[in-house]
Protein chains: 2
Amino acid sequence: MSEVLPVAVDAMGGDDAPASIVAGAKLAVERFGVPVLLVGRSAEMGDTGGIPVLEASEVIGMDAEPAASVRRMKDSSIVRAAEAVRDGQASSLLSAGNTGAAMAASLLRMGRIKGISRPAIAVPFPNLGSTPTTLLDCGANADCQPEWLVQFAQLGSVYARTRFGIETPRVGVMTIGEEAGKGNQLVKDACGLLETGDWATACGANYVGNLEGRDLMKGVADVIVCDGFTGNIILKSLEGGMEIALGAMRDAMANVTDVPVIAERLDPLLDPVFDELDVNTRGSAILLGTRGVSMIAHGSSTPDAIANAINTANMMVEAGIVANVRAMVEAGN
Amino acid sequence: MSEVLPVAVDAMGGDDAPASIVAGAKLAVERFGVPVLLVGRSAEMGDTGGIPVLEASEVIGMDAEPAASVRRMKDSSIVRAAEAVRDGQASSLLSAGNTGAAMAASLLRMGRIKGISRPAIAVPFPNLGSTPTTLLDCGANADCQPEWLVQFAQLGSVYARTRFGIETPRVGVMTIGEEAGKGNQLVKDACGLLETGDWATACGANYVGNLEGRDLMKGVADVIVCDGFTGNIILKSLEGGMEIALGAMRDAMANVTDVPVIAERLDPLLDPVFDELDVNTRGSAILLGTRGVSMIAHGSSTPDAIANAINTANMMVEAGIVANVRAMVEAGN
């Protein structure tokens, strides 16, 4: 019986790190029984509740230039965490810090899976009452080649099956018109390749063609591909918009202070809706295509969100996402 | 004293045309005293309440190929409406039909303002409690040159000043990182031009640099520029996301049927929030850079939304948006 390896958690990355990260790690251990390895400056972590620490003296700032920092700061928490996965000390990596640095550390220390052109960031977007729609790339590759979008479609299909149990994922391409041939040049070129269908056979997907922004949270597809510039802007626009809508709603309700029954009756109904629509908390982005599981959490993640992301990282390891991607690449060759 | 020309309204364009369009036109006349010229098949319009009709026998479908349809269907409602503006029978144009066809008809019949490389679609995004942020291009140009983004910045500045009275608009560029140099190749190239600042002097703008998706509804800029592919996807993603969030909220509240006071007390607080966040209704996109005011409404526009858009079209004519764009182009030469 193989020992369960811990999730290596970058304790120093995040808006309120290390406090919120350590708190999230403790929650993950308590709630899900997932073993954790905290990586960073133990002196700043406070009581870890017995969670082991891998010392790392440097911290890559949220705004630091990613690739250069990863190359230079060899004793940084994110680099040491990625090395822990590479060296078999940890099963997977989670960081709520500098996204670019987490990506660069994963790429440089874990390496790409053979046959993968460009790893991509996949983010599940909530669909009320059904499985999420996974959008990728959400920021790993600002400029893309048409062929990469086809591979993103395959990576997303493997992910949708591994994480959400969707046997034959419906895959679409994000563009600006429903009819074939609508979009920018990249999408037009990618559509030419996507429509051949060979890629879909290789990964067991069902290509559903063009989708638009308004289709995103309506459950019409399980996977949607786009370049990383577009995906990142969609993600952040929706995060921002939802936050504003839900916040305005909460404010309006908080103004009715003389009818306490309102909060009492509405909160149990609205809290699950607010929670399900919160892209921040539920997101737990994953970098697909590297030789190890690398999860990226939002900088403003609460301890709850961190705990959920740690649990997801562990689930992705147990479900064999890396092996599944490898098998998909080999099936296509 | 010059006669007030009517707004030419494409009566046949929209999901529920001509009924909802005619209803909206009547509302505009009643509520705002704006004269309207309905364009289309009078036999299908029912009682127009005395609003004059310009006959047009053809209708360009919502999914028809825009440019080809405009060239071929010379007696279509959208083409006749654009000609009415060109010929001085109407002050401006409004269509809730095929967006591409409305754009093509405006471009081909009204023509571009001299010195404008590419007209762009500008959409005001709501900021709760303050003036909107105008995003452009929201779909006129799927692939853009860096120079066009600079001109979009100027067009947006003139629009923010003309429509919202913002004397020195803050203008940013939509990208995927706060630091200069972050983005795709188009944004990087455009930033090099935007940072020179000459364009800003020519149009009285204040360049605020890189912005991200999450900044959109937070009031941090008055104008944000991007390519039309990105802008259209942002617009539709937020429309879709907001609709889902607000709908889920309404559903949850509707479930509390045994406490009637909830609706009674909450509706007056929530309705303005819901209304203000409804990008569909408040949007009223405008095509900037043509030699006439051309407004584009959402296909699912309610009569209220149509009436508001007609009123906005008339306001833009009275405020001299076309002359203001012309003056801006001349000041830059």
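Being a predicted model, the structure only gives us computed values, none of them experimental.

The number of helices and strands found in chain A is 13 helices and 11 strands. A globule of 333 residues ought to have a C-alpha radius of gyration of about 20 Å, and chain A, at 20 Å, matches this closely. Overall, chain A is about 60 × 55 × 40 Å in size when its C-alpha atoms are taken along their principal axes. When the 333 residues of chain A are sorted by exposure, 59% land in the buried category. Considering only residue pairs separated by 6 or more positions, chain A has 71% of its internal contacts joining residues 24 or more positions apart. Total accessible area on chain A stands at roughly 12400 Å², and carbon and sulfur atoms take up 49% of it. Seen as two clouds, the 25 positive and the 40 negative side-chain charges of chain A have centres 6 Å apart.

Here chain A sits on chain B after a turn of 180° about the axis and a move of 0.0 Å along it, with an RMSD of 0.0 Å. On this basis, the relationship between the two copies can be described by a two-fold rotation axis. Here 100% of the interface residues in chain A have copies in chain B that are interface residues too; the copies meet face to matching face.

With 52 residues of chain A in contact, the opposing surface of chain B contributes 52 residues. Here chain A meets chain B over a buried area of about 4500 Å², counting both sides, of which 74% is carbon and sulfur. Summed over the shared surface of chain A and chain B, the number is 4 salt bridges. Residue Glu243(A) pairs with Lys218(B) through a salt bridge whose shortest N-O separation is 3.9 Å. If you look at where chain A meets chain B, you find 6 residue pairs in polar contact (both at pLDDT 80 or more).

The full count for this structure, using the stated rule, is 0 disulfides over all chains. In this model Cys226(A) remains outside any disulfide bridge; the closest cysteine sulfur is found in Cys138(A), 6.0 Å from its own.

Another aspect to go through is helix α1 (residues 19-32) of chain B. Residue and element names in this part refer to chain B. Here α1 is 14 residues long and its end C-alpha atoms lie 20 Å apart, about the 20 Å a rise of 1.5 Å per residue gives. Within the span of α1, buried status applies to Ser-20, Ile-21, Val-22, Gly-24, Ala-25, Leu-27 and Ala-28. The inward-facing, buried residues of α1 abut β1 (7-10), β2 (36-40), α2 (42-45) and α12 (303-318). Following α1 by one or two positions, Gly-33 adopts a phi angle in the positive range, close to 65°.

Residue and element names in this part refer to chain B. Strand order in the open sheet made by the 11 strands is β3-β2-β1-β4-β11-β10-β5-β6-β9-β7-β8, with mixed pairing throughout. Two strands close off the open sheet at either side, each with one partner strand: β3 (53-55) and β8 (206-211). Mean inter-strand twist for the sheet, computed between neighbouring axes without regard to direction, equals 25°. Note that β1 and strand β4 (residues 92-95) share 3 bridges and pair parallel. By the bridge assignment for β4, Val-9 is matched with Leu-94. The strands that helix α5 (residues 99-110) touches are β4, β5 (120-127), β10 (285-288) and β11 (293-296); relative to β11, the one it contacts most, it runs at about 175°.

Let's shift gears to the domain arrangement of chain A. All names here are of chain A. If you check the domain split of chain A, you get domain 1 (1-116 + 289-304 + 312-319) and domain 2 (117-285). Using C-alpha coordinates to define each centre, domain 1 is positioned 25 Å away from domain 2. Around 1300 Å² of area is buried between domain 1 and domain 2 when both sides are counted, 65% of it from carbon and sulfur atoms. Between domain 1 and domain 2 we count 0 salt bridges in total. On the surface where domain 1 and domain 2 come into contact, there are 4 residue pairs in polar contact (both at pLDDT 80 or more). Among the secondary structure elements, those contributing two or more residues to the side of domain 1 that touches domain 2 are α5 (99-110), β11 (293-296) and α12 (303-318).

What follows covers the packing of helix α4 (residues 77-86) of chain B against α5(B). The packing of two helices is summarised by the inter-axis angle and the distance between the axes. Residue and element names in this part refer to chain B. Running from N to C, α4 and α5 cross one another at 35°; their axes reach a closest spacing of 9 Å. Viewed along their axes, α4 and α5 form a crossing whose handedness is right-handed. Contacts between α4 and α5 involve Ile-78, Val-79, Ala-82, Glu-83, Val-85 and Arg-86 from the former and Ala-101, Ala-102, Ala-105, Ser-106, Arg-109 and Met-110 from the latter. In the contact of α4 with α5, the residues fall into 8 nonpolar, 1 polar and 3 charged.

What follows covers the pattern of salt bridges. Overall, the coordinates contain 22 salt bridges over all chains when judged by the stated rule. The closest approach of N and O atoms between Arg41(B) and Glu44(B), which form a salt bridge, is 3.3 Å. We classify Glu44(B) as partly exposed; its relative accessible area is 42%. Residues joined by salt bridges that share partners form a network here, namely Asp75(A), Arg80(A), Glu83(A) and Arg109(A).

What follows covers the pairing of β11(B). Residue and element names in this part refer to chain B. Burial of the side chains of β11 extends over both faces: Val-293 and Met-295 are buried on one face and Ser-294 and Ile-296 on the other. Pairing geometry for β10 and β11, over 3 bridges, is antiparallel. The partner of Ile-286 across the bridge, within β11, is Met-295. A loop of 4 residues connects β10 with β11, the two strands running antiparallel in sequence, and Gly-289 in this loop sits at a positive phi of about 115°.

What follows is about unusual backbone geometry. Look at the link from Leu136(A) to Asp137(A): it is a cis peptide, with omega at 5°. With respect to the helices and strands, the residue Asp137(A) is situated in the loop between β6 (130-136) and α6 (146-164). In this structure, Pro18(B) follows Ala17(B) across a cis peptide bond, with omega equal to 0°. Take Pro18(B): it is sitting in the loop between β1 and α1.

Definitions and limits used
Residues numbered from 1 in each chain as written. Chains lettered and ligands numbered in written order. Predicted model: local features only at pLDDT ≥ 70, side-chain atom pairs only at ≥ 80, totals over all residues. Heavy atoms only, no water. Helix = DSSP H or I, 4+ residues; strand = E, 2+ residues; numbered from the N terminus. Rg over C-alpha atoms; globule rule 2.2 N^0.38 Å. Buried < 20%, exposed > 50% of the residue type's maximum accessible area, 1.4 Å probe, protein only. Contact = heavy atoms within 4.5 Å. Areas by Shrake-Rupley, 256 points an atom, 1.4 Å probe, with all protein chains shown as cover. Lys, Arg positive; Asp, Glu negative; His and termini not counted. Charge placed at Lys NZ, Arg CZ, Asp CG, Glu CD. Least-squares fit on C-alpha atoms with pLDDT ≥ 70 in both. Buried area = accessible area lost by both parts, 1.4 Å probe. Salt bridge = Lys/Arg side-chain N within 4 Å of Asp/Glu carboxyl O. Polar contact = N/O pair within 3.5 Å; in protein donor to acceptor, adjacent residues only side chain to side chain. Disulfide = S-S within 2.5 Å. Expected span 1.5 Å × (residues − 1). Pairing = 2+ DSSP bridges. Axes fitted to C-alpha atoms, helices over the stretch in contact; angles between N-to-C directions. Domains from an automatic or database assignment. Left-handed = near helix turned anticlockwise from the far one by under 90°. Nonpolar A, V, L, I, M, F, W, Y, C, P; charged D, E, K, R; others polar.

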